Amino acid sequence: MRTRFQQGLDQLRTRLLRMGGMAEQAVDRACQAYIDRDLNRCHMVLEGESKINEAEREIDELAFDLLAMQQPMAVDLRFILAVTKINSDLERVGDQAVNIAERVMDLVELPKADLPVDIARMAAAASAMVRRSLESFIEGKAELAQAVLEMDNVVDRMRDDAFINLVKTMNERPQVTRQALDSLLVARNLERVADHATNIAEDVIFWVRGADVRHNAPQENPSQEVTPRVPGI
Amino acid sequence: MGVGIKVEHLDAWFGKVQALHDISMDIPANHATAIIGPSGCGKSTFVRCLNRMHETIPDARAAGKVRIGDLDIYNGTAAVQVRRRIGMVFQKPNPFPTMSIYDNVAAGLKLNGFHDRKRLAEIVEHSLKLSALWDEVKDSLKKKSGASLSGGQQQRLCIARALAVEPEVLLMDEPCSALDPISTGKIEELIFQLKENFTIVIVTHNMQQASRVAEFTGFFLLGKLIEFDRTEKIFTTPSDKRTEDYITGRFG
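Residues numbered from 1 in each chain as written. Chains lettered and ligands numbered in written order. Predicted model: local features only at pLDDT ≥ 70, side-chain atom pairs only at ≥ 80, totals over all residues.

### Some remarks on the overall build of chain B
Part 1: If you tally the helices and strands in chain B, you get 10 helices and 10 strands.
Part 2: The globule rule puts the C-alpha radius of gyration for 252 residues at 18 Å, and the 18 Å found for chain B is close to it.
Part 3: Counting only C-alpha atoms and orienting by the principal axes, one finds that chain B spans roughly 55 × 40 × 30 Å.
Part 4: With 252 residues in all, chain B has 47% of them scored as buried.
Part 5: Long-range contacts, defined here as pairs at least 24 residues apart, represent 69% of the contacts in chain B between residues at least 6 apart. (Helix = DSSP H or I, 4+ residues; strand = E, 2+ residues; numbered from the N terminus. Rg over C-alpha atoms; globule rule 2.2 N^0.38 Å. Buried ≥ 20, exposed ≤ 12 C-beta atoms within 10 Å, placed from the backbone. Contact = placed C-beta atoms within 7 Å.)

### Structural notes on the overall build of chain A
Part 1: When you go through chain A residue by residue, the secondary structure sums to 6 helices and 0 strands.
Part 2: Overall, chain A shows an N-to-C arrangement of helices and strands of α-α-α-α-α-α.
Part 3: Taken against the 2.2 N^0.38 rule, which gives 17 Å for 233 residues, the C-alpha radius of gyration of chain A at 19 Å falls within 12% of a compact globule.
Part 4: The dimensions of chain A, computed from C-alpha atoms along their principal axes, are 65 × 35 × 25 Å.

### Section: the pairing of strand β10 (residues 224-230) of chain B
Residue and element names in this part refer to chain B.
Part 1: Bridge analysis of strand β9 (residues 216-221) against β10 gives 6 bridges, and the strand direction is antiparallel. Opposite F220, over in β10, you have L225 as the bridge partner.
Part 2: Linking β9 to β10, which pair antiparallel, is a turn of 2 residues; within it L222 sits at a positive phi near 50 degrees. (Pairing = 2+ DSSP bridges.)

### Looking at the packing of helix α3 (residues 74-108) of chain A against helix α6 (residues 177-209) of chain A
Residue and element names in this part refer to chain A.
Part 1: Running from amino to carboxyl end, α3 crosses α6 at an angle of 170 degrees, the nearest separation of the two axes being 9 Å. Considering their axes alone, α3 and α6 lie roughly antiparallel with respect to each other.
Part 2: Residue composition of the contact of α3 with α6, grouped by class: 13 nonpolar, 6 polar and 9 charged. (Axes fitted to C-alpha atoms, helices over the stretch in contact; angles between N-to-C directions. Parallel < 35°, antiparallel > 145°, perpendicular 65-115°, else oblique. Nonpolar A, V, L, I, M, F, W, Y, C, P; charged D, E, K, R; others polar.)

### Considering the nonpolar core
Part 1: Counting residues in hydrophobic clusters, the biggest one holds 143 residues, and the most contacted among them are A:V27, A:A30, A:A126, A:V204 and B:I202.
Part 2: Excluding residues that lie within four positions of it along the chain, A:A30 makes contacts with A:V45, A:A97, A:I100, A:A101 and A:V104. (Core = buried A, V, L, I, M, F, W, Y, C linked by C-beta atoms within 7 Å.)

### Notes on the packing of helix α1 (residues 3-36) of chain A against α3(A)
All names here are of chain A.
Part 1: Contact pair α1 / α3: the axes reach a minimum separation of 9 Å and the direction vectors enclose 20 degrees. Relative to α3, α1 is oriented roughly parallel. The interaxial crossing formed by α1 with α3 has left-handed handedness.
Part 2: Residues that form the contact of α1 with α3 fall into these classes: 21 nonpolar, 4 polar and 1 charged. (Left-handed = near helix turned anticlockwise from the far one by under 90°.)

### Some details on the interface of chain B and chain A
Part 1: Facing 13 residues of chain B, the contacting portion of chain A comprises 14 residues.
Part 2: Mapped onto the side of chain B that touches chain A, the elements with two or more residues apiece are α8 (207-213), α9 (231-236) and α10 (241-247) of chain B.
Part 3: The biggest single contributor to the side of chain B that touches chain A is α10(B), with 3 residues.

### Looking at the sheet that holds strand β1 (residues 5-14) of chain B
All names here are of chain B.
Part 1: Taking strand neighbours across the sheet as the criterion, the 4 strands line up as β2-β1-β4-β5 in an open arrangement whose pairing is antiparallel. The open sheet has two edge strands, β2 (17-27) and β5 (71-72), and neither has a second partner.
Part 2: Helix α1 (residues 43-50) rests against β1, β2 and β4 (60-68) of the sheet, and its axis sits at about 65 degrees to β2.

### Some details on the environment of B:F219
Residues and elements named next belong to chain B.
Part 1: For F219, the location among the structural elements is in strand β9.
Part 2: C-alpha separation for the pair F219 and S177, spaced 42 residues apart in sequence, amounts to 18 Å.
Part 3: In contact with F219, other than residues within four places in its own chain, are I36, G37, I226, E227, I234, T243 and Y246.

### A look at the confidence of the model for chain B
Detailed reading of the predicted coordinates is not advisable wherever pLDDT is low.
Part 1: Looking at chain B as a whole, its pLDDT mean stands at 93, while 100% of the residues score no less than 70.
Part 2: Here the prediction assigns the complex a pTM of 0.81, and the interface score ipTM is 0.72. (pLDDT = per-residue confidence, 0-100.)

### Considerations on the sheet that holds β9(B)
Residue and element names in this part refer to chain B.
Part 1: If you trace the 6 strands from one edge of the open sheet to the other, you get β6-β7-β8-β3-β9-β10, paired in mixed fashion. Either end of the sheet is taken by a strand with one partner, and the two such strands are β6 (86-89) and β10. The average angle at which neighbouring strand axes cross in this sheet is 15 degrees, direction not considered.
Part 2: Across the sheet, α1 is in contact with β3 (32-36), β6, β7 (169-173), β8 (199-203) and β9; its angle to β8 comes to roughly 150 degrees.
Part 3: Sitting on the sheet, helix α6 (residues 151-164) is in contact with β6 and β7, with an inclination near 170 degrees to β6.

### A short note on the environment of B:F114
Residues and elements named next belong to chain B.
Part 1: Of note, F114 is situated in the loop between α3 (101-111) and α4 (117-130).
Part 2: Residue F114 is classed as partly exposed on the basis of its 15 C-beta neighbours within 10 Å.
Part 3: Along the backbone, F114 and G15 are 99 residues apart, and their C-alpha atoms lie at a distance of 38 Å.
Part 4: Setting aside residues up to four positions removed in sequence, F114 forms contacts with L109 and L120.

Here it is in structure tokens:
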């Protein structure tokens, strides 16, 4: 048993989950800031970004060390590759939260407008996707990840509806164009969050099953599902 | 050119102890195939069955079918004829210590009654070039003994000696385990080039080496072939949990 290597994998997993928690919290805070027009929460998101960026660097560094020093193979190699990709997606989730917070900061300066878009519902769906993709990582279960992939269409439809309704609003009520545009950008940011959650789920499937399901890739000889053996799973 | 090796239901024993159990595999021509597995799993016994060296050990025997190209090696073929077509390189370089570099390479041919000196010189040069040793020894071919070379050079000399008799298959039993990384790199590069003309079967404990040099890999455990597939499949998404446990260092 390679104890030091196993400790390294365990550390990688713990750090990624901590980062996942930070990214998830950033999206929740930004969406709550939108709903409550809360500048304080916006600042919290902006301040949190550097911690997420720092976590991304640390995780990449640890993954790089493990690749160079331990020459992992099979499920361990897939795990480390998946972690580096999930790491990048989580950092981008953090960026989307910052973008939302910046839109909210703009909106707060403007008169409140009643807009035909349910950002709260869309935020709940995108957040749930991030949360469930991270759960699939924690559990090492491809079927949980598969369920996340199927949720992506729902968020895409919400974004499409938001686009149609908000463009219509801009035409009918030009005085709220700026608010509608900000909300449209928030909807787009949330749709991107959902895309990153989808990527995370795909990476979990790659780790667990060794199957590349990105872009509806055809499956050639998908290996049998193996039990991931990272401590705590 | 190399030829394929077809192994069917091969069993091997040391006295009453069965070392190989019902091994069947098709080793493709002109590729390198790595045999991996923990100590005592039957890797070396397996390759020694491919050139009938296993039976040279007292009480050792093998049963089953092994075809090297069109040659059925366990069905009436003389062992000497088999070994002429299948060269072997061992873990520890074993040049003939009292012979010159030249004579080491020429030994196999001379033993087979080959005495055309001009042709012999051509074959020695060609073999030393194939084993990437020529440039290092061409000025002292008949002056220096094989034993005077470094470990890595000795191993390449042994490869040249094996190649001189123009085999179709080259068996290598942990050929780099006694070598430093630079010599190992040279042998690995050599394996890569030799594949064009020979079929190579390499036993190795070094999984990175297997993944670097071999297109196909077989994993042995307790005398059984657990999995045999393309190397990238074995090292990224093995089908059998025992293979995965071994290559990820969870046992063995």
